[in-house]
Amino acid sequence: MNEKEYQYGMIGLGTMGRNLVLNMNDHGYSVAGFDKSNSQVDLLKKDAGERKIYATSDLNEFVKSLKTPRVIMLLVPAGKIVDEVIQELAPLLSENDLLMDCGNSHFTDTNKRIEQLAKSTIHFMGVGVSGGESGARYGPSIMPGGPKDVYKRVSDMLEAISAKVNNEPCVTWLGPGSAGHYVKMVHNGIEYGLMQLISEAYHLLKEAGGMNDNELHDVFSKWNKGILHSFLIEITADIFAQKDELTNNRLIDMILDSAHQKGTGGWTSEDAMGLQVPIPVIDIAVSMRDLSAYKKERQLAQQKLEGTGKKFNGDKNALVASLEQALYFSMITTYAQGMSLLYFASKEYKFDLKLENIASIWRGGCIIRASILEDIRSAFSRQPDLSNMMVDDTVGQKLMHSQMDVRRAIQIGIEIGIPLPAMMSSLAYYDSYRSGWLPANLIQAQRDYFGAHTYERNDRDGVFHTHWNQENK
Ligand code: 6PG
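Quick caveat: nothing in here was measured; it's all calculated off a predicted structure. (Residues numbered from 1 in each chain as written. Predicted model: local features only at pLDDT ≥ 70, side-chain atom pairs only at ≥ 80, totals over all residues. Heavy atoms only, no water.)

A word on the overall build of the chain
What counts is decided by this rule: Helix numbers and strand numbers start at the N terminus; a helix is a DSSP run of H or I with at least 4 residues, a strand a run of E with at least 2. Using C-alpha atoms as the atom set, the radius of gyration is obtained and then compared with a globule rule of 2.2 Å times the number of residues to the power 0.38. Exposure is judged per residue with a 1.4 Å probe applied to protein chains only, and the accessible area is read against the type maximum: over 50% gives exposed, under 20% gives buried, and values in between give partly exposed. Contact definition: two residues touch when any of their heavy atoms are within 4.5 Å. Using a 1.4 Å probe, the Shrake-Rupley method yields the accessible areas, and only the shown protein chains count as cover for residues. Counted as positive: Lys and Arg. Counted as negative: Asp and Glu. His and the chain ends are not counted at all. Lysine's charge is taken at NZ, arginine's at CZ, aspartate's at CG and glutamate's at CD.
When helices and strands are counted, the chain shows 20 helices and 9 strands. The C-alpha radius of gyration computed for the chain amounts to 25 Å, which stays within 12% of the reference 23 Å derived for 473 residues, consistent with globular compactness. Considering only C-alpha atoms, the chain reaches an extent of 85 × 65 × 45 Å along its principal axes. Here the chain, with 473 residues, has 51% of them falling under the buried criterion. Within the chain, contacts between residues separated by at least 24 positions form 68% of all contacts whose residues are at least 6 apart in sequence. By element, 50% of the accessible surface of the chain is carried by carbon and sulfur atoms, the whole surface being about 23,200 Å². Between the centroid of the 49 positive side chains of the chain and the centroid of its 58 negative side chains there is a distance of 1 Å.

Encoded structure:
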């Protein structure tokens, strides 16, 4: 290694970090990688072969190997490890060096780190990266936030390594401060919603439709060629075809029905609650992951609590056709909730987000990439200040067209006792949002009755309070 030889540095050589290094090198960039673990360093060395990639477990050597001003990407687990790395690294850095945290950091942690590093001469950016292992290797969707002038130093490289849709890179500067990590958090919230919806469709097809894994594979493969075309539907089709290596069964049937989570979906719900922005599909998706973990309790309850005992005796093909539309409807409303959260969060946190750009960079590389994002992008291109994309003419038409199918699918679930909470939430969100009148007047009356919280009237301005029971007597 010669001093100041490498253009970019990568700290954290796990699968994501290592694959990003290789991706960067594919595009002609020389990269130095650092990891405390010798085995991770060895893995990169092995993958790198003769390429211009340097890998070391010596932090000083790593820093020395980089051209100045340095650009260092961090791909380490979110949380206190990021702070530990920054603390160790900062004294070795010099003026104008740039640190990019590319992990799933909570945006409020990113804010703290920005504040902390503002006292130094080092620049800091929070950058969301989505696409898992293969995205990192062959083109992720990248969501950078931070100072715009600093972003320009890395824009060419990020564009080169990102996914492309119609030759457009799936990366663009999103906004100042923690905008990048905020957008990535909401991406993950939407991801939770979509995954829950797909699993509900699976439940209905398996339990009501009585479909086996081959049939499920066929249905999802077919769906992926139509309106539902998306990464998550595609991998779902693959999953049903996967054989188990330990038994003669399909792997899906050998996996415990208890889902884990690192927490980004919950963060999205928490922040939306704080901002008072409704995102019920995402909320319920988080709750359902929680509920799935109560396996033992559910098994006990199954012995005690009866459902309807009814079976589905309708037409299987009609069920598949309805469910396709129902999923489409529910997925659109999930994106709508995520986008609406971004709209209001952007105002609150002064991110000045361009929702069209976000839809655009989500069209490729990321976990929630889907054909529908083209329509979403067009909606925000027509009306950049749209607080809810459901009222866009094109999107609204699609929802109205598919609403009867989601109602039908939910009816089947209710009849035979199959839980479809995310699908139900998506329909309730649609029905509530399109209601010029909601029964919240009663809630106001109740609040005023028991707590003198006052209410507003619909016939005159002002704030009113009534001595409820006395007046009635
Ligand atoms: C992505 C994924 C990625 C990761 C999630 C999993 O965009 O590439 O979202 O970030 O797989 O963090 O999240 P859970 O563990 O919370 O499901």
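Now, onward.
Details of the site of the ligand
Basically, it comes down to this: For this description, a residue counts as near a given molecule or strand if any of its non-hydrogen atoms is within 4 Å of it. We define a polar contact as two N or O atoms separated by no more than 3.5 Å, with the added condition that, inside protein, one atom must be a possible hydrogen donor and the other a possible acceptor, whereas residues neighbouring each other in sequence contribute only through side-chain atom pairs. Three categories are distinguished: nonpolar for Ala, Val, Leu, Ile, Met, Phe, Trp, Tyr, Cys and Pro, charged for Asp, Glu, Lys and Arg, and polar for the others, with Gly belonging to the last. How far each domain reaches was decided by an automatic or database domain assignment.
If you check the shell around the ligand, you find 15 residues, and the closest are Asn104, Ser130, Glu191, Tyr192 and Arg289. Taking Lys262, its main chain carries an N or O atom lying 2.8 Å from an oxygen atom of the ligand. Protein contact buries 80% of the 420 Å² of open area that the ligand shows by itself. It is helix 8 (residues 179–208) that contributes the most residues to the shell around the ligand, 5 residues altogether. Among the residues forming the shell around the ligand, the class breakdown is 2 nonpolar, 9 polar and 4 charged. When residues are assigned to domains, the shell around the ligand turns out to be shared by domain 1 (8–177) and domain 2 (184–433), each giving three or more.

Brief notes about the pattern of salt bridges
Stated precisely, the cut-off is as follows: Salt-bridge detection follows one rule: a side-chain nitrogen of Lys or Arg within 4 Å of a carboxyl oxygen of Asp or Glu.
The tally for this structure, following the rule as stated, stands at 28 salt bridges. Its salt-bridge partner being Asp83, residue Arg113 comes within 2.8 Å of it at the nearest N-O pair. Of the two residues, Arg113 sits in helix 5 (residues 107–118) while Asp83 sits in helix 4 (residues 80–89), which places them 30 residues apart along the sequence. Residue classification places Arg113 among the buried positions, given a relative accessible area of 1%.

A word on a nonpolar patch on the surface
Cut-off, in case you're wondering: A residue counts toward a patch only above 30% relative accessible area and without a salt bridge, and it is joined to like-charged neighbours within 9 Å or, for Val, Leu, Ile, Met, Phe, Trp and Tyr, to nonpolar neighbours within 5 Å.
On the surface, Leu251, Met254 and Ile255 cluster together into a nonpolar patch covering about 250 Å² of accessible area. The residue Leu251 is located in the loop between helix 10 (231–241) and helix 11 (264–275) in this model. Accessibility expressed as a relative area gives 31% for Leu251, which makes it partly exposed.

Regarding the nonpolar core
Convention followed: Only buried Ala, Val, Leu, Ile, Met, Phe, Trp, Tyr and Cys residues count toward a nonpolar core, and they belong to the same one when joined by side-chain atoms within 4.5 Å.
Membership of the largest hydrophobic core comes to 86 residues, with the highest contact counts inside it found for Trp223 and Trp362. Considering every element that reaches this core, the biggest residue donor is helix 14 (residues 316–348), with 16 residues. If you count residues domain by domain, this core takes at least three from each of domain 1 (8–177) and domain 2 (184–433). Among residues more than four places away in sequence, those in contact with Trp362 are Ser141, Met143, Val183, His187, Ile190, Met339, Leu342, Ile368, Arg369, Ala370 and Leu373.

Here's the deal with the packing of aromatic side chains
This is how it is decided: Two rings from Phe, Tyr or Trp (for Trp, the six-membered ring) form a pair when their centres sit within 6.5 Å of each other. Planes less than 30 degrees apart are called stacked, planes more than 60 degrees apart edge-to-face, and all others tilted. Our definition puts a charge over a ring when NZ of Lys or CZ of Arg is within 6 Å of the ring centre and also within 35 degrees of the ring normal.
Tallied over the entire structure, the rule returns 17 aromatic pairs. Judged by centre distance (6.3 Å) and plane angle (20 degrees), the ring pair of Tyr429 and Tyr433 falls under stacked. Placement of the pair is Tyr429 and Tyr433 together in helix 18 (residues 421–433), with a separation of 4 residues, close to one helical turn. On the basis of relative accessible area, Tyr433 is assigned to the partly exposed category, the value being 40%. Among the aromatic residues, those joined into a cluster by ring pairs are Phe107, Tyr182, Tyr349 and Phe351. Above the ring of Tyr192, the side-chain terminus of Arg289 is found at 3.6 Å from the ring centroid.

As for the pairing of strand 2 (residues 31–34)
Within a regular strand, the side chains alternate between the two sheet faces. Applied cut-off: At least two DSSP bridges between two strands are needed for those strands to be called paired. When the strands point away from the viewer, a crossover counts as right-handed if the route from the first strand across the helix to the second turns clockwise.
Alternating residues of strand 2 divide into Val31 and Gly33 and Ala32 and Phe34, and every residue in both groups is buried. The pairing of strand 1 (residues 8–11) with strand 2 spans 4 bridges and is parallel. Bridge pairing in strand 2 links Met10 to Gly33. A crossover connection joins strand 1 to the parallel strand 2 through helix 1 (residues 15–26); in handedness this β-α-β unit is right-handed. Of the pairings in the sheet, the one linking strand 2 to strand 3 (residues 53–56) comprises 4 bridges and is parallel in character. Within strand 3, the position partnered with Ala32 by the bridge is Tyr54. Remark: the strand 2/helix 2 (residues 38–48)/strand 3 crossover connection has right-handed handedness.

Things to note about the domain arrangement of the chain
Heads up, the condition is: Accessible area that two parts lose when put together, with a 1.4 Å probe and added across both, is what the buried area reports.
Domains assigned within the chain are domain 1 (8–177), domain 2 (184–433) and domain 3 (441–473). Between the C-alpha centres of domain 1 and domain 2 there is a distance of 31 Å. Taken together, the 25 residues of domain 1 in the interface contact 24 residues of domain 2. For the pair domain 1 and domain 2, the summed buried area comes to about 1,800 Å², and 64% of that belongs to carbon and sulfur atoms. On inspection of domain 1 and its partner domain 2, the count reaches 2 salt bridges. In this structure, the salt-bridge partner of Glu168 is Arg377, at a minimum N-O distance of 3.1 Å. Of all elements in the fold, only strand 6 (123–130), strand 7 (141–145) and strand 9 (168–169) reach the threshold of two or more residues within the side of domain 1 that touches domain 2.

Let's talk about helix 18
Filter applied, for reference: Multiplying 1.5 Å by the helix residue count minus one yields the expected span of that helix.
With 13 residues, helix 18 extends 18 Å from end C-alpha to end C-alpha; this agrees with the ideal 18 Å at 1.5 Å per step. Among all positions in helix 18, only Pro421, Ala422, Met423, Ser425, Ser426, Leu427, Tyr429, Tyr430 and Asp431 are buried. Where helix 18 is buried, its residues meet helix 8, helix 12 (280–292), helix 14 and helix 17 (393–416).

Some remarks on the state of the cysteines
Here is the rule: The disulfide criterion used throughout: a pair of cysteine sulfur atoms within 2.5 Å.
For the structure shown, the criterion picks out 0 disulfides. Its sulfur unpaired, Cys102 is 16 Å from the next cysteine sulfur, which belongs to Cys366. There is no disulfide at Cys170, and the cysteine sulfur nearest it, in Cys366, is 7.3 Å away. You can call Cys170 buried: its relative accessible area is 0%.

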